[in-house]
Amino acid sequence: MAKVLIIGAGGVGGVVVHKCAQLPEVFTEIVLASRTEAKCKAIAAQLKRPIRTAQVDADNVPELVALLNKEKPDLVINVALPYQDLHIMDACLEAGIDYLDTANYEPPETAKFEYSWQWDYQDRFKNAGLTALLGSGFDPGVTNVYTAYLKKHYFDEIHYLDIIDCNAGDHGKPFATNFNPEINIREVTAKGRYWENGEWVETDPLSVNRVYDFPAEIGPKKIYMMYHEELESITKHLPEIKRARFWMTFSDNYLKHLEVLGNVGMTGIEPIMFEGKEIIPLQFLKALLPDPASLGPLTKGKTCIGCLARGIKDGKEKIVFIYNTCDHEACYAEVQSQAISYTTGVPAMIGAKMILEGKWKAPGVWNMEQFDPDPFMEDLNKYGLPWQVTDVTEANAAEMKD
Ligand code: NDP
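Keep in mind that what you see is a predicted model, and the values were worked out from it rather than measured.

Calculation criteria
Residues numbered from 1 in each chain as written. Predicted model: local features only at pLDDT ≥ 70, side-chain atom pairs only at ≥ 80, totals over all residues. Heavy atoms only, no water. Helix = DSSP H or I, 4+ residues; strand = E, 2+ residues; numbered from the N terminus. Rg over C-alpha atoms; globule rule 2.2 N^0.38 Å. Buried < 20%, exposed > 50% of the residue type's maximum accessible area, 1.4 Å probe, protein only. Contact = heavy atoms within 4.5 Å. Areas by Shrake-Rupley, 256 points an atom, 1.4 Å probe, with all protein chains shown as cover. Lys, Arg positive; Asp, Glu negative; His and termini not counted. Charge placed at Lys NZ, Arg CZ, Asp CG, Glu CD. Near = heavy atom within 4 Å. Polar contact = N/O pair within 3.5 Å; in protein donor to acceptor, adjacent residues only side chain to side chain. Nonpolar A, V, L, I, M, F, W, Y, C, P; charged D, E, K, R; others polar. Domains from an automatic or database assignment. UniProt positions renumbered as here; feature names shortened; annotations may be inferred. Salt bridge = Lys/Arg side-chain N within 4 Å of Asp/Glu carboxyl O. Buried area = accessible area lost by both parts, 1.4 Å probe. Axes fitted to C-alpha atoms, helices over the stretch in contact; angles between N-to-C directions. Parallel < 35°, antiparallel > 145°, perpendicular 65-115°, else oblique. Left-handed = near helix turned anticlockwise from the far one by under 90°. Phe/Tyr/Trp six-rings, centres within 6.5 Å; stacked < 30°, edge-to-face > 60°. Lys NZ or Arg CZ within 6 Å of the ring centre and 35° of its normal. 1 Å grid on protein atoms, 1.4 Å probe; cavity = no way out; pocket = protein on both sides within 12 Å on 5 of 7 lines; lining within 4 Å. Points joined across faces, edges and corners; volume = space filled by probe spheres on them.

Draft legend 1. Structural view of the overall build of the protein. The number of helices and strands found in the protein is 15 helices and 18 strands. Compactness check: the protein gives a C-alpha radius of gyration of 20 Å against a globular reference of 21 Å for 402 residues, within 12% of the reference. Looking at the protein as a whole, 56% of its 402 residues qualify as buried. Sequence-distant contacts, at least 24 apart, represent 71% of the contacts inside the protein between residues at least 6 apart. Counting every atom, the protein has about 16500 Å² of accessible surface; 50% of that belongs to carbon and sulfur. Each charge class in the protein was averaged separately, 40 positive and 57 negative side chains, and the resulting centres sit 3 Å apart.

Okay, here's the thing in structure tokens:
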């Protein structure tokens, strides 16, 4: 039916390729392009069906346009880094191709997470008759779709939303990040922010925490409030929400390492001079840390990511939790990646399928909660990320009330 060009051959890229390859009736042709073609070839070698690979620097727009004009895909799936988003969107506009990504644009020089740069492309995509789907990973991505689904089927109005991301997996390394270390540490060390009564409230990094009792044998874990990009689009598109927050689990060990690395300046993103050469401490640290893709065979345990929503249905207060749990080892057995890459790569494939099947195809730049959630939710159940909606225990409801 369609040809896709996937850009980025990292942890997430590997999963997207595997999942697209499992659906030959939708993804009839797959091309995987990245900065280092050898990584594309290594992923291609894991598959049962042939795909093509290419080398491309996605920051070089003319080079990318030439590749797009040569390959003429129906859709570009961008799973490179957030720094490349605008360049890839520019190239898609020039070559007339639909676009999808999993993370909002970040300027390399500041850890600033906002959709403004990509929302600015609205008129250009609309006028060109092209679709751009932003943030089709898990969070952002599935969390946005969960919110839209709850709004459609469970609530008249959602007033309080807590997005909760738990990774109860263990890779046995003293310190490692589950996805690109540079992007992960920039996000975690940034100031926290949540939405309350029409404005953003800022908090010091990881200074607010609670204990949430997770399902699926995970049990109680400490969760830390931080900013996450879906808060911006969800509160824009569901203005009834009075308060929206994002929480993530971190082990004491992860936080201890992060604190020490931060104290000695290793997480900085300002260039410093070292032996006559300019280096960025965080990029140097990334070179020392385990490649997230190497954690696949080592990681055991589960993830649980969900949305706790409180609001009104038929005049009565209601509170529910919608979530998925995913097992690291099962993911590795299926696609040779741990669950963090898996939970991002599967929704990227489903988002692509939605566009290619015309279910989520409309000229303009879109966030996930703007489309009908039902076909996406159906596919989550079919393609590896089944979800459940449950009541909330009194203890969890009380813990998350304020
Ligand atoms: P990795 O670092 O593992 O992979 C990134 C890939 O992009 C690498 O293959 C890298 O190439 C390639 N790349 C980087 N720069 C360029 C460039 N200029 N041109 C071409 N290719 C380039 O990252 P992940 O796979 O962990 O993450 C991929 C994306 O997914 C990120 O944007 C991340 O923020 C997002 N993400 C989203 C989540 C969600 O739930 N929404 C969760 C987790 C991640 P090379 O190998 O040469 O370095």
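Anyway, onward from the coordinates.
Draft legend 2. The site of the ligand, seen in detail. Close contacts around the ligand come from 28 residues, with R35, T36, K39, A58 and N180 the closest. T36 is positioned with one of its side-chain polar atoms (N or O) 2.5 Å from an oxygen atom of the ligand. Between the ligand and the protein, one listed contact pairs a nitrogen atom with a backbone N or O atom of T102 at 2.9 Å. The fraction of the free accessible surface of the ligand (930 Å²) that becomes covered by protein chains is 92%. Split by residue class, the shell around the ligand holds 13 nonpolar, ten polar and five charged. When residues are assigned to domains, the shell around the ligand turns out to be shared by domain 1 (2-134) and domain 2 (142-335 + 386-401), each giving three or more.

Draft legend 3. How the structure looks around the UniProt feature "domain: Saccharopine dehydrogenase NADP binding" (unreviewed entry) in the protein. Under the present numbering, the feature "domain: Saccharopine dehydrogenase NADP binding" (unreviewed entry) in UniProt falls on residues 4-133. Strand forms 21% of residues 4-133 and helix 40%; the C-alpha atoms that close the span are 14 Å apart.

Draft legend 4. Representation of the pattern of salt bridges within the structure. Applying the stated criterion across every chain, the model contains 23 salt bridges. Between R52 and E29 there is a salt bridge; the shortest N-O distance is 3.4 Å. In this pair, R52 is assigned in strand β3 (residues 52-55) and E29 in strand β2 (residues 27-34), connecting sequence segments 23 residues apart. Across the pair K361 and D98 runs a salt bridge whose closest N-O atoms are separated by 2.5 Å.

Draft legend 5. Layout of the domain arrangement of the protein. Domains assigned within the protein are domain 1 (2-134) and domain 2 (142-335 + 386-401). Placing the centre of domain 1 and that of domain 2 at their C-alpha centroids yields a distance of 25 Å. Counting residues at the interface gives 21 residues for domain 1, matched by 15 residues for domain 2. Interface area, domain 1 with domain 2, both sides summed: about 1600 Å², of which 53% is carbon and sulfur. Of all residues in domain 1, F113, Y115 and W119 give up the largest surface area on contact with domain 2, accounting jointly for 37% of the area buried on that side. Our count for the domain 1 to domain 2 interface comes out at two salt bridges. The closest approach of N and O atoms between E106 and R186, which form a salt bridge, is 2.8 Å.

Draft legend 6. Quick look at the packing of helix α7 (residues 142-153) against helix α14 (residues 373-382). At a minimum axis separation of 9 Å, α7 and α14 run at an interaxial angle of 120°. Compared by their axis directions, α7 and α14 come out oblique. Between α7 and α14 lies a crossing of left-handed hand. Between α7 and α14, the contacting residues are V142, V145, Y146, A148, Y149, K152 and H153 on the first element and P373, D374, F376, M377 and L380 on the second. Residues that form the contact of α7 with α14 fall into these classes: nine nonpolar, one polar and two charged.

Draft legend 7. Representation of the packing of aromatic side chains in the model. Tallied over the entire structure, the rule returns 17 aromatic pairs. On the numbers, 6.4 Å between centres and 50° between planes, the contact of Y121 with F125 is tilted. In terms of burial, Y121 and F125 fall into one category: buried. Linked through ring pairs, F175, Y224, F250 and Y254 together constitute an aromatic cluster. In this structure, R124 is placed above the aromatic ring of Y121, and the distance from its NZ or CZ to the ring centre is 3.9 Å. A cation over an aromatic ring shows up here: R193 above the ring of Y227, its NZ or CZ 4.0 Å from the ring centre.

Draft legend 8. Spotlight on empty space enclosed by the protein. This model, assessed by the stated rule, comprises one cavity of 30 Å³ or more. Approximately 50 Å³ is the volume attributed to the largest cavity. In terms of lining, the largest cavity is formed by Y160, D162, R243, L308, A309, R310, I319, A397, M400 and K401. Counting residues per element, the ones that place at least two in the lining of the largest cavity are β7 (157-167), β15 (302-313) and α15 (394-401). Here the lining of the largest cavity is composed, by residue class, of six nonpolar, no polar and four charged.

Draft legend 9. Broad picture of α14. For α14, the full list of buried residues reads P373, P375, F376, M377, D379 and L380. Against α7, β16 (316-327) and α13 (339-356) lie the buried residues of α14. The opening residue of α14 is D372, an N-cap whose side-chain oxygen sits 3.1 Å from the backbone nitrogen of D374. Just downstream of α14 lies G384, where phi reads positive at about 115°.

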